[in-house]
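Take a look at the letters that make up each chain.
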Amino acid sequence: MKENTLKMSPAERSACTVLVVESDPGDANHMREALKALGFASVFDAPNHHIALEKLNTRQFTHIIFDAKKNANYPMKDWLTKVLEIDHSVIALPASTNPNVDDVFDLLVIGARGYLVKPFTFEGVDAAVVMATKGEPLSDKVLGAKDRNEALVAMMMTSVDRLATVFRQSKQFETARRALPSAVAALARSADLAHTFAKGGEEGLITALENFCIKQSHGPATRLGRLRKRLSTTRTVDDVLPE
């Protein structure tokens, strides 16, 4: 398992209020035990999604971990949309056994902040909750994108560019050095999302990455390069214009 470079302090964990939405008593109990062992003392549960909405209307939660298996009575996309209408600040984390890639991605687009795969492990719960809390939300580049692979690659390459910038600045500035773990985590998350949700699997992702790099290579990648191109174009025009 990859090390999570993001951390939550004991005080931050203690301040969280978590609602677990799980119909299976065994899974619900396992999740409660895991969360409490990890320092999340305020843990509540709801046996179904309807009761969860009632609880959300009566008190505020910082996190909601919910069973995301298909529900004929309440489609998960509709349910999560309703949750975020009640409280747009809640950190929503879907959980499922062998989750369908497209279904999970749809929840991420709506506003979920990650996903958990059953059966749970303490390490998996901790990593998922910390990343959902501290990591950056899904990039706007992905939201509503017509080509999912192109959007995922663009998000990943944006993370690469940001990490390179922060790393360069970290040699001079303490603030940049402190931002390095966050930038590393953002790249790891974007790469993981791209690998997990790319249409066509790894081959589809590689093809999208190749196409993205080819498009980027057609134009200068830096401000200096763009300035040189403009100056070159200006000189060429001046050369052909009659005096």
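Below is a summary of the structure that appears in this document. No experiment lies behind these values; they were computed from the predicted model shown.

1. Observations concerning the overall build of the protein
Each helix and strand counted, the protein has ten helices and five strands in total. Counting the 243 residues in the protein, one finds 38% classified as buried. Residue pairs in contact within the protein that sit at least 24 positions apart in sequence constitute 70% of those at least 6 positions apart. As displayed, the protein has an accessible area near 14,200 Å², and 55% of this comes from carbon and sulfur atoms.

2. Concerning helix 5 (residues 101-110)
Within helix 5, burial applies to Val104, Phe105, Leu107 and Leu108. One face of helix 5 carries all of its buried residues, which in axial projection span an arc of 160 degrees. Buried residues belonging to helix 5 abut strand 3 (63-67), helix 4 (76-86), strand 4 (91-97), helix 7 (148-170) and helix 8 (174-197). Following helix 5 by one or two positions, Gly111 adopts a phi angle in the positive range, close to 150 degrees.

3. Structural notes on the sheet that holds strand 3
With parallel pairing, the five strands of this open sheet are ordered in space as 2-1-3-4-5. The open sheet has two free edges, formed respectively by strand 2 (42-46) and strand 5 (116-118), since each of these has just one partner strand. Taking each pair of neighbouring strands and ignoring which way they run, the sheet shows an average axis angle of 20 degrees. Judged from the three bridges that link them, strand 4 and strand 5 form a sheet pairing that is parallel.

4. A look at the pairing of strand 2
Both strand 1 (residues 17-21) and strand 2 contribute to a ladder of five bridges, which runs parallel. When the sheet's bridge partners are listed, Val20 is paired in strand 2 with Asp45. Taking the sense of rotation as the criterion, the β-α-β connection linking strand 1, helix 2 (residues 25-37) and strand 2 turns out right-handed.

5. Regarding the side chain of Ser190
Tracing the backbone through its elements, the reader meets Ser190 in helix 8. Apart from residues lying up to four places away in sequence, Ser190 is in contact with Met155, Met156 and Ser159.

6. Here's the deal with the nonpolar core
Ranked by size, the top nonpolar core spans 35 residues in total, and within it Leu19, Ile64, Phe66, Trp79 and Leu80 carry the most contacts. Beyond its immediate stretch of four places on either side in the chain, Ile64 contacts Leu19, Val21, Leu56, Trp79, Val90, Ile91, Ala92 and Leu93.

7. Points about empty space enclosed by the protein
Empty space among the atoms becomes apparent when a probe as large as a water molecule is rolled across them. In total, this model carries two cavities of 30 Å³ or more according to the counting rule given. Quantified by volume, the largest cavity comes out at close to 40 Å³. Val20, Val21, Glu22, Asp27, Ala28, Met31, Ile65, Phe66, Asp67, Ala95, Lys118 and Phe120 are the residues that line the largest cavity. Looking at the lining of the largest cavity, the elements with two or more residues in it are strand 1, helix 2 and strand 3.

8. Some remarks on the environment of Gly39
Among the secondary structure elements, Gly39 is positioned in the loop between helix 2 and strand 2. Measuring from C-alpha to C-alpha, the distance between Gly39 and Met8 comes to 9.8 Å, with 31 residues separating the pair along the chain. Setting aside chain neighbours within four positions, we find Gly39 in contact with Arg13 and Ser14.

9. Notes on the packing of aromatic side chains
Going through the model one piece at a time under the given rule, you end up with four aromatic pairs. Between the aromatic rings of Phe105 and Phe197, the centroid separation amounts to 5.5 Å while the plane-to-plane angle is 55 degrees, which identifies the pairing as tilted. Here Phe105 is found in helix 5, whereas its partner Phe197 is found in helix 8, with 92 residues between them in sequence. Here the two residues Phe105 and Phe197 agree in accessibility, since each one is buried.

10. What about helix 4?
Within helix 4, the full set of buried residues consists of Met76, Trp79, Leu80, Val83 and Leu84. Buried positions in helix 4, seen along its axis, are confined to an arc of 130 degrees and lie on one side of it. For helix 4, the elements touching its buried residues are strand 1, helix 3 (49-58), strand 3, strand 4 and helix 5.

Rules used throughout
Numbering of residues starts from 1 in each chain and follows the order in which that chain's sequence is written. In keeping with the predicted nature of the model, local features appear solely for residues at pLDDT of at least 70, side-chain atom pairs appear and are counted solely at 80 or more, and the whole-chain, interface and lining totals rest on all residues. Excluded from the side-chain calculations are hydrogens and water; all other atoms, namely the structure's heavy atoms, are used. Helix numbers and strand numbers start at the N terminus; a helix is a DSSP run of H or I with at least 4 residues, a strand a run of E with at least 2. Exposure categories follow from relative accessible area, calculated using a 1.4 Å probe and restricted to protein chains: below 20% of the type maximum is buried, above 50% is exposed, and the middle band is partly exposed. Here, residues are in contact when the closest pair of their heavy atoms is within 4.5 Å. Reported accessibility uses the Shrake-Rupley method at a 1.4 Å probe radius. Residues are deemed covered only where the shown protein chains occlude them. By definition, the arc is the one covered by directions from the helix axis to the C-beta atoms. Pairing between two strands requires that DSSP report at least two bridges joining them. Lines are fitted to the C-alpha atoms to define the axes, a helix being fitted only along its stretch in contact, and any angle between axes, read from their N-to-C directions, falls within 0 to 180 degrees. The crossover handedness rule: strands pointing away from the viewer, path from first strand over the helix to second strand clockwise, crossover right-handed. For our purposes a nonpolar core is just a set of buried Ala, Val, Leu, Ile, Met, Phe, Trp, Tyr and Cys residues, chained together by side-chain atoms within 4.5 Å. Here a cavity denotes a set of grid points, spaced 1 Å apart and computed over the protein atoms alone, in which a 1.4 Å probe fits but from which it cannot get out, and a pocket denotes an open set meeting protein on both sides within 12 Å along at least five of seven lines; residues with an atom within 4 Å of a point are reported as lining. Grid points are joined across faces, edges and corners, and a volume is the space filled by probe spheres set on the points. Stacked, tilted and edge-to-face pairs are distinguished by plane angle, under 30 degrees for stacked and over 60 for edge-to-face with tilted covering the rest, among Phe, Tyr and Trp rings (Trp via its six-membered ring) whose centres lie within 6.5 Å.

Fair warning: the whole summary comes from geometry, so function is off the table for now.
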